[in-house]
Amino acid sequence: MSIRALPQQFGDLTSLEDLDMQDCRFVVSLPASFCRLSKLKKLNLSHCKNLGTILPEGWSKQPGYYYHMASGELTWDAPQGTQYMALPEGFGELDLEELNLGGCEALAMDTEINKIVEMKNLKKLLIWRTNISVLPKRFGDLSSLEDLNMSHCTSVVSSSKSICGIIRATAS
């Protein structure tokens, strides 16, 4: 059995400083209580490919397509009834220094980046292989950001001013 969501009580782990959930491919959402992790500095959600998506019963996401287990049906588009989730409200208030969302292909990054730009102490942001297409002007407010990895983000449009001051930036 795979974990699809963290319990609401997860937010009670207020002393947690580092959380590595890399490759938790079945996690689709984070509970609202997640924003109570006031000491959390490092969060790795890389390769959580379904974070942000709840597929209808019987469907699974595979690289490049969706598969219905009972019928064997394949489709390139998300099946009818797919629900899209967001990072919890207040996510931007976390005092993170490192955030890795690389490979979170289902997360609506053009929306979620607006929560991330609230993180004033963020030093390292990895959003490689996501669907981000726009860096908001407020991205430049991330004054502590030193390391940005946006490799394999093929449709990003950005004002060069929004990424000025970053010590190391990777994009391809």
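Note that the structure is a prediction, hence the values are computed from the model and not measured.

## Considering the overall build of the chain
Point 1. In terms of regular secondary structure, the chain is built from one helix and eleven strands.
Point 2. Reading the helices (α) and strands (β) of the chain from amino to carboxyl end gives β-β-β-β-β-β-β-β-α-β-β-β.
Point 3. Looking at the chain residue by residue over its 172 residues, the buried ones come to 43%.
Point 4. Of the roughly 9400 Å² that the chain leaves accessible, carbon and sulfur atoms contribute 51%.

## Some words on the environment of serine 38
Point 1. Mapped onto the secondary structure, serine 38 falls in the loop between β1 (18–20) and β2 (42–44).
Point 2. As a C-alpha pair, serine 38 and glycine 11 span 27 residues in sequence and 9.2 Å in three-dimensional space.
Point 3. Here serine 38 is in contact with Thr14 and Asp95, once residues within four sequence places are set aside.

## Here's the deal with the pattern of salt bridges
Point 1. Counted by the stated rule, this structure contains seven salt bridges.
Point 2. The shortest N-O distance in the salt bridge between aspartate 23 and arginine 25 comes to 3.4 Å.
Point 3. The exposure class assigned to aspartate 23 is partly exposed, which follows from its relative accessible area of 37%.
Point 4. When its relative accessible area of 36% is taken as the criterion, arginine 25 is described as partly exposed.
Point 5. Salt bridges linked by common partners bring Glu89, Glu112 and Lys115 together as one network.

## Structural notes on the pairing of strand β10 (residues 147–150)
Point 1. Of the two faces of β10, the one lined by Asp147 and Asn149 and the one lined by Leu148 and Met150 are each fully buried.
Point 2. Across three bridges, the pairing between strand β9 (residues 124–126) and β10 is parallel. When the sheet's bridge partners are listed, leucine 125 is paired in β10 with leucine 148.

## Considerations on helix α1 (residues 109–116)
Point 1. Taken together, the buried positions of α1 are Met109, Glu112, Ile113, Lys115 and Ile116. End-on, the buried residues of α1 take up no more than an arc of 155 degrees, which puts them together on one face.
Point 2. Of the surrounding elements, those touching the buried residues of α1 are β8 (98–100) and β9.

## Brief notes about the nonpolar core
Point 1. Ranked by size, the top nonpolar core spans 37 residues in total, and within it Phe34, Leu99 and Leu125 carry the most contacts.
Point 2. Counting only elements with at least two residues in this core, the list comes to α1 and β10.
Point 3. Among the elements that take part in this core, α1 stands out by supplying three residues, more than any other.
Point 4. Aside from chain neighbours lying at most four places away, what touches phenylalanine 34 is Leu6, Phe10, Gly11, Leu19, Leu40, Leu43, Pro88, Phe91 and Leu94.

## Considerations on the confidence of the model for the chain
Point 1. For the chain, the mean per-residue pLDDT works out to 84, and 85% of the residues sit at or above 70.
Point 2. Of all helices and strands in the chain, the one with the weakest mean pLDDT is strand β11 (residues 168–171) (63), whereas β8 scores best (98).

What counts and how
- Residues numbered from 1 in each chain as written.
- Predicted model: local features only at pLDDT ≥ 70, side-chain atom pairs only at ≥ 80, totals over all residues.
- Heavy atoms only, no water.
- Helix = DSSP H or I, 4+ residues; strand = E, 2+ residues; numbered from the N terminus.
- Buried < 20%, exposed > 50% of the residue type's maximum accessible area, 1.4 Å probe, protein only.
- Areas by Shrake-Rupley, 256 points an atom, 1.4 Å probe, with all protein chains shown as cover.
- Contact = heavy atoms within 4.5 Å.
- Salt bridge = Lys/Arg side-chain N within 4 Å of Asp/Glu carboxyl O.
- Pairing = 2+ DSSP bridges.
- Arc of directions from axis to C-beta.
- Core = buried A, V, L, I, M, F, W, Y, C linked by side-chain atoms within 4.5 Å.
- pLDDT = per-residue confidence, 0-100.

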